[in-house]
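# Commentary on secondary and tertiary structure
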Amino acid sequence: MGDEKKHKAPKEIRELLERFERNLHDYKSKGYSEFQLRIDFINPLFKALGWDIGNKKGAAPAYRDVIFEDSIKIGGGTKAPDYCFTLSGRRKFFVETKKPSIKVKKDAKSSFQLRRYAWSSKLPLSILTNFEELRLTNNLININET
């Protein structure tokens, strides 16, 4: 084991984490918005993970890797998760973001909102994050059973 390399997060992700930790107090202030969090951290995070956030490939809207505020039908209305991640035009999972001042682990309203989006779209996975916390949700169970 002595000569084995330790696996590290990509440089871009380490830099995002370091910047977030360095300025955590400012990011958790009431004035730091969810929209700004997406620009500063969430978009770069998923880009570093290999998703075509900016549609550099020039895919048609239905075939983009990431659809921002994708429209879905729920209970006779239309809702829009922050991010819809797709492969070959098929929805795979949603990501809903909250500003860092919101503790996603304790935010039942946001968790329910996201699970409802995913359950209505028959997606097995969804992610709720404020960048400091990332909560994966299993949507295969009925939301009324939890």
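Residues numbered from 1 in each chain as written. Predicted model: local features only at pLDDT ≥ 70, side-chain atom pairs only at ≥ 80, totals over all residues. Heavy atoms only, no water.

### Considerations on the side chain of Thr 137
Under the convention used in this document: Secondary structure elements follow DSSP: runs of H or I no shorter than four residues count as helices, runs of E no shorter than two count as strands, and numbering proceeds from the N terminus. Should any heavy atoms of two residues lie within 4.5 Å, those residues are considered in contact.
Along the polypeptide, Thr 137 turns up in strand E7 (residues 134-138). If sequence neighbours within four positions are ignored, Thr 137 has contacts with Arg 115, Pro 124, Leu 125 and Ser 126.

### What about the packing of aromatic side chains?
Quick reminder of the rule: Two rings from Phe, Tyr or Trp (for Trp, the six-membered ring) form a pair when their centres are within 6.5 Å of each other. A pair whose planes differ by under 30 degrees is stacked, one over 60 is edge-to-face, and the rest are tilted. The cut-offs for exposure are 20% and 50% of the maximum accessible area for each residue type, with area from a 1.4 Å probe on protein chains only; residues under the lower value are buried, those over the upper are exposed, and the others partly exposed.
A full pass over the atoms with the stated rule returns 13 aromatic pairs. Taking the centre distance of 5.0 Å and the plane angle of 80° together, the rings of Tyr 27 and Phe 41 count as edge-to-face. Taken together, the positions of Tyr 27 in helix H2 (residues 24-27) and Phe 41 in helix H3 (residues 34-48) put the pair 14 residues apart, joining distant regions of the chain. On the basis of relative accessible area, Phe 41 is assigned to the buried category, the value being 0%. Members of the aromatic cluster, each reached through a chain of ring pairs, are Phe 46, Trp 51, Phe 68, Tyr 83, Phe 85 and Phe 93.

### Some remarks on the confidence of the model for the chain
Applicable threshold: Each residue carries a pLDDT score, the predictor's own confidence in it, on a scale running from 0 to 100.
Predicted confidence across the chain gives a mean pLDDT of 86, with 91% of residues reaching 70 or more. Mean pLDDT values over the elements of the chain span from 74, in strand E3 (residues 77-79), up to 96, in H3.

### As for helix H1 (residues 11-22)
Side chains of residues three or four places apart in an α-helix project in the same direction, reflecting 3.6 residues per turn. Defined as follows: Expected helix span is computed as 1.5 Å times (number of residues minus one). Note: the arc covers the axis-to-C-beta directions of the helix.
Compared with an ideal rise of 1.5 Å per residue, which puts twelve residues at 16 Å, H1 spans 16 Å between its outermost C-alpha atoms and is within 8% of the ideal. For H1, the full list of buried residues reads Ile 13, Leu 16 and Phe 20. Down the axis of H1, the buried set is contained in an arc of 60°. They therefore lie on one face. Residues of H1 that are exposed and point over 90 degrees away from its buried face: Lys 11, Glu 21 and Arg 22. The inward-facing, buried residues of H1 contact H2 and H3.

### Side note on the sheet that holds E7
To keep it simple, the criterion reads: For two strands to pair, DSSP has to find at least two bridges joining them. Axis definition: a line fitted to C-alpha atoms, over the contacting stretch in the case of helices. Angles run 0 to 180 degrees between N-to-C directions.
Overall, mixed pairing links the five strands, which are arranged E1-E4-E5-E6-E7 in an open sheet. A single partner strand is all that each edge strand has here, and the edge strands are strand E1 (66-68) and E7. On average, each strand axis in the sheet is inclined to that of its neighbour by 25°, with strand direction left out of account. Pairing of strand E6 (residues 125-129) with E7, which is carried by five bridges, proceeds in the antiparallel orientation. Among the inter-strand pairings, Ile 127 is bridged to a residue of E7, identified as Leu 136. Strands strand E5 (90-97), E6 and E7 of the sheet are contacted by helix H4 (residues 108-120), whose axis makes an angle of about 150° with E6.

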